Amino acid sequence: MEPLLKINNETCNACYACVRACPVKAIRVQTEKVKPEIIPDRCIGCGSCAAACGPGAIEIRNTRDDLIPLLKQEKKVAALVDPSIAGEFPDITDYRKFVQMLRTLGFDRVHEVAFGVDLVARAYKDLFKKSRGKYYIMSNDPVTVSFIEKYKTGLVPNLAPILPPVAAAAKVIRSITGNDVILVYISPLIASKDEILRFEGDSQIDLAITFVELRELFTGANIHETDLEFSDFNAPLGYKGSFFPIANGIIQAAGINEELHETPVVTIEGEGMIDAIKEFEDNIGAIKSHFNLFYKEFLMGRGTSMGGKRILRRSQLIKYVNKRLKILDLDAWKKSMDDFSDLDLSRKFKADDQSLPKPPENKLNKILKELDQLEATDVGCGACGYASCTDFATAIAQGLAIPEMCNTFSSKNRQDHIQSLTISNEKLGQAQEALRKSESMAQKEKEAAREASEIVRRMLHKLPSMVVICDQQLKIIQTNDSFIEMLGEDAKEINEVVPGLAGADLKTLLPYSFYNLFTYVLAHNESITNRDISHEGKILNVSVFVIEKNKTVGAVIRDMSAPEVQKEEVVKRLTEVIDKNLSLVQQIGFIMGEGASETERMLNSIIESYKLKKELKDK
Ligand code: SF4
Ligand code: SF4
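I will try to describe carefully the structure that is included in this document. Every residue gets a number counted from 1 within its own chain, in the order that chain's sequence is written. Ligands are numbered from 1 and chains lettered from A, in the order in which they are written. Totals for whole chains, interfaces and linings use every residue, but because this is a predicted model, local features are given only for residues with pLDDT of at least 70 and side-chain atom pairs only at 80 or more, for both listing and counting. Here the side-chain values reflect all heavy atoms present in the structure, with hydrogen atoms and water set aside.

Right, let's get into the overall build of the chain. A count of helical and extended segments in the chain gives 23 helices and 15 strands. The buried share among the 619 residues of the chain stands at 47%. For the chain, the share of sequence-separated contacts (at least 6 apart) that also reach a separation of at least 24 residues comes to 69%. In short, Shrake-Rupley with a 1.4 Å probe defines the accessible areas, and a residue's cover is counted only from the protein chains shown. Roughly 31,500 Å² of accessible area belongs to the chain as shown, and the carbon and sulfur atoms make up 50% of that amount. Strands are runs of DSSP state E lasting at least 2 residues, helices are runs of H or I lasting at least 4, and numbering of each runs from the N terminus. Think of it in three bands: residues with accessible area under 20% of the maximum for their type are buried, residues over 50% are exposed, and the middle band is partly exposed, with areas taken using a 1.4 Å probe on protein chains only. Working rule for contacts: check all heavy atoms of both residues, and any pair within 4.5 Å makes them a contact.

Shown next as C-alpha cells:
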C-alpha cells in the first residue's frame, strides 16, 4: 500500500516549510540536492506538512478512486458519515438532501457515526467512574493515539482501551446487516485512512475517504441537492454524539460534569496536544485528571476543505445538531442504546517506538561548532524547524536534517562561496586576458613567419643558381625556377600543375650520381660542397647542406659551363641582392630559424664560389 503522504519531487521547491510544520520530525532532508522525504514509520498522519506546503507538493493517498468499484459490487455498501458534515457542507441546506446525495452516488445505507459516539461516550463515563487512581488519555483521535504509540510508548497503558466512535458504529451496522456489507467511513481526517486498517472482525471498515474526496465525487457524478428529495439516515440515529466534531463534544455527549472544579477530564485540542501529553507524563500525579486530546478538532480536520472558518463551522454544527435533536425520537434512541449496551467496545494498542537514540556528546558538539554554536543551547530561531540549535544538531546527527537548513550556516556558506567565486572570477579574467594576448602574439608571429616564408620563397626563385630542398625520402619540398629550367621541358609542364614540383621524387628527376649526394648527406649529416658533376653535357657544381639533421637537406647547383661574363654578372647581381636583403635575411633567420639561415649561407656560398673562380682565372 502506498504511504499516507508523499512528496512530489517535481513540484517540491525544497523550502522546508513541511519540515518546520511536522510536529514529530518525520520528514528527512538528506542532501541539498535531494528533495525532503516523509518517513512513513515516523509519520502520525496529522497533515500539518500538507497544510504548510505552498506549492501543494505533498500528496495524500487517494482513496476516492477505490470507492467507485466498491459501489459497483453486488454487496451492500454503507456510508458511515462523521457528524462534521454540517461544518464541511454549509452549501447543502438540509442534511437530508446530503443523505440523498450519498444514496444517489450509490450507497445502499447511510449511517451517522453520531450513534457510535453516543455508545463510546457512555463507555468513557463508565471507565472514568471505575478508574481508581488511574488516569486515561482518551483514544478517539487517531493522531494522538499514533503519537503516543510512536513517541511516548511509556503512556500506551494510559490510552483508554475503548474503540473510537467510527469502529463502534461499524459494529452496530454489522450487527444489523450481518458481515456481508462494505463499510466506508466519510471522515474529516486523512489519518482515518490508516486508522481503519487496524480494525478487524465486526469493527472492520473497508475504506475511508475524506470530505474533500466526497465533494470531488459529487462533482464528478454531477449530483446536486437541488435535484433531490429528502432522505434520512438509517437507524439507529445519534443524539448528542453529533457534537463530537467539537473537542469537548464527546464529554457533553457522555453527560460528564464539565464544571471546572468537578470535571474529571481536561480537554486540549490543537498542537498543544503534544505538550499536554508531556505534562501528563511528568505531572499526572499532581494533575489527577483524564485527558481528552485532539491534534485538530474534527471540525477542522485535514480531510476537510482548506480555509474553513472555525467559529462559522462550529455554529453550523450546533445549528445542525439542534435541528436533529428537535425531531429525534428520544425513546427510540434510548432503546437503541439499551439494545447495544453489551456491545464489546474494547480495544488494544501497540507500542511502535520511533524515538531515535541520542547521538554521542562529542558528535553533537562537533556539529554545533560547525553551526557556529559554541555550546548546547535550549533556544534557537526555529527557522530550521527545530525548537533549539541543540535539537537541530541532534537531528543532523540522526540523519534527519542537514546544516544547510540553518539560515546562519547557509548565509555564512553563501558569503564564503561568493567570495571564492569572486576570486575565481578574477583569476579567470586574468587568464583570459593572458590567453587573448598570447593568441594575438601568436597570430602576429604566424603572420610574420608567413611573410618571411614568402620572401624566402621569392628570393629563392630569383636566384640564378639552382636550388632544391627535399626531405628524407628525397621528396621535393621546395625548388626554384633555375632548377626546374635545368630539368627541362617535362619538369616545366609539371611545375605548372604542381608549383615548385612539391612532393615529386628527386630520384625520378636526377641521375643516381646526382641524388646519391643527397642520400649521403641525409644519412651522415655531413654537408658536401662544390662537387662537380657532369649532367647532360654541362658541368654542374653541387653543394648539398644539412638543413635539419636526417630530415631535410638543401642543394645549391651552379652551371659551371656558363660564359665568364655571365658569371661576373651573376656575381654582381647576387651581391646586390645579398647586400640589399641582408638585414631582411637576418630577420627571416630569426623567424624561420635554421631554414632561413641555410638559405643565407647558400647564397653566400654561391657568391664566394663565383668570386674564387674569378680570382683564379684572373691570376
Ligand atoms: S513544504 Fe512543500 S515545497 Fe516546501 S519542502 Fe516541503 S514538500 Fe517541498
Ligand atoms: S503528516 Fe504530520 S507527522 Fe506526517 S509528515 Fe506530515 S506533518 Fe509530519
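Relative to the elements of secondary structure, Glu112 occurs in strand E6 (residues 109-112). By relative accessible area, Glu112 is classed as buried at 4%. Those residues within four positions of Glu112 in sequence are excluded, and the remaining contacts are Val81, Ala169, Phe233, Leu237, Gly238, Ser242, Tyr320 and Arg324.

If you check the shell around ligand 2, you find 13 residues, and the closest are Cys22, Cys43, Cys46, Gly47 and Cys49. Residue polarity follows a fixed list, in which Ala, Val, Leu, Ile, Met, Phe, Trp, Tyr, Cys and Pro are nonpolar, Asp, Glu, Lys and Arg are charged, and the others, Gly among them, are polar. When the residues that make up the shell around ligand 2 are grouped by side-chain class, the tally is 10 nonpolar, 3 polar and no charged. Nearness is defined per residue: one heavy atom within 4 Å of the molecule or strand is enough.

This brings us to the packing of aromatic side chains. In this analysis, rings of Phe, Tyr and Trp, with Trp reduced to its six-membered ring, are considered paired at centre separations within 6.5 Å, and the interplanar angle assigns stacked below 30 degrees, edge-to-face beyond 60, and tilted for intermediate values. Overall, the coordinates contain 16 aromatic pairs when judged by the stated rule. Measuring from centroid to centroid gives 5.9 Å for Phe244 and Phe294, while their planes differ by 75°, and the two rings are edge-to-face. Here Phe244, found in the loop between helix H10 (211-220) and helix H11 (249-254), pairs with Phe294, found in strand E10 (residues 290-294); they are 50 residues apart in sequence, far enough to count as distant. In this structure Phe244 comes out as buried when scored by relative accessible area, which is 2%. We classify Phe294 as buried; its relative accessible area is 1%. Look at Phe244 and Phe298: their rings are 4.9 Å apart centre to centre, the planes differ by 75°, and that puts the pair in the edge-to-face class. Placement of Phe244 in the loop between H10 and H11 and of Phe298 in the loop between E10 and helix H13 (310-327) is noted, with a sequence separation of 54 residues between them. Comparing Phe244 with Phe298 shows no difference in burial state: the two are buried. Note on geometry: a ring has a charge over it if NZ (lysine) or CZ (arginine) is within 6 Å of the ring centre and within 35 degrees of the ring normal. In this structure, Lys25 is placed above the aromatic ring of Tyr386, and the distance from its NZ or CZ to the ring centre is 5.1 Å.

For E10, a buried count of 5 out of 5 residues is recorded, marking the element as mostly surrounded by other parts of the structure. Side chains of E10 alternate between two faces, with His290, Asn292 and Phe294 and Phe291 and Leu293 buried alike. Alignment of strand E9 (residues 265-269) against E10, held across 5 bridges, turns out to be parallel. Residue Ile268 lies in a different strand from E10, and its bridge partner there is Leu293. You can see the chain leave E9, run along helix H12 (residues 272-287) and come back into E10, and the turn it takes is right-handed. When DSSP finds two or more bridges between a pair of strands, those strands are recorded as paired. By convention, a crossover is right-handed whenever its connection, traced from the first strand over the helix to the second and viewed with the strands pointing away, goes clockwise.

As a further point, take a nonpolar patch on the surface. Patches here are clusters of residues that have more than 30% relative accessible area and form no salt bridge, with a 9 Å joining cutoff for like charges and a 5 Å cutoff for nonpolar side chains (Val, Leu, Ile, Met, Phe, Trp, Tyr). Salt bridges are defined as contacts in which a side-chain nitrogen from Lys or Arg sits within 4 Å of a carboxyl oxygen from Asp or Glu. A contiguous nonpolar patch, built from Ile494, Val497 and Val498 and spanning about 250 Å² of accessible area, is present on the exposed surface. Within the secondary structure layout, Ile494 lies in helix H19 (residues 489-497). Since its relative accessible area comes to 40%, Ile494 is described here as partly exposed.

If you check the shell around ligand 1, you find 13 residues, and the closest are Cys12, Asn13, Cys15, Cys18 and Cys53. Per-class residue counts for the shell around ligand 1 are 12 nonpolar, 1 polar and no charged.

Put simply, buried Ala, Val, Leu, Ile, Met, Phe, Trp, Tyr and Cys residues joined by side-chain atoms within 4.5 Å make one nonpolar core. By size, the foremost hydrophobic cluster in this structure holds 60 residues, and its most contacted members are Phe147 and Phe392. Listing elements by their share of this core, those giving two or more residues are strand E1 (5-7), helix H1 (17-21), helix H7 (142-151), H12, E10, helix H15 (361-370) and helix H16 (389-397). If near-sequence neighbours (up to four positions away) are discounted, Phe147 is found in contact with Val24, Ile44, Lys152, Met273, Ile274 and Ile277. If you look at the next biggest cluster of nonpolar residues, it comprises 47 residues, including Ala121, Ala123, Leu127 and Ala168.

With that settled, consider unusual backbone geometry. For the bond running from Ala235 to Pro236, omega is 0°, close enough to zero to count as cis. Position of Pro236 among the secondary structure elements: in the loop between H10 and H11. Of note, the phi angle at Ala14 is positive, near 55°, even though the residue is not glycine. Within the element layout of this structure, Ala14 appears in the loop between E1 and H1. If you check the backbone angles, Asn525 has positive phi at about 55° while not being a glycine. Relative to the helices and strands, Asn525 is located in the loop between helix H21 (512-524) and strand E13 (528-535).

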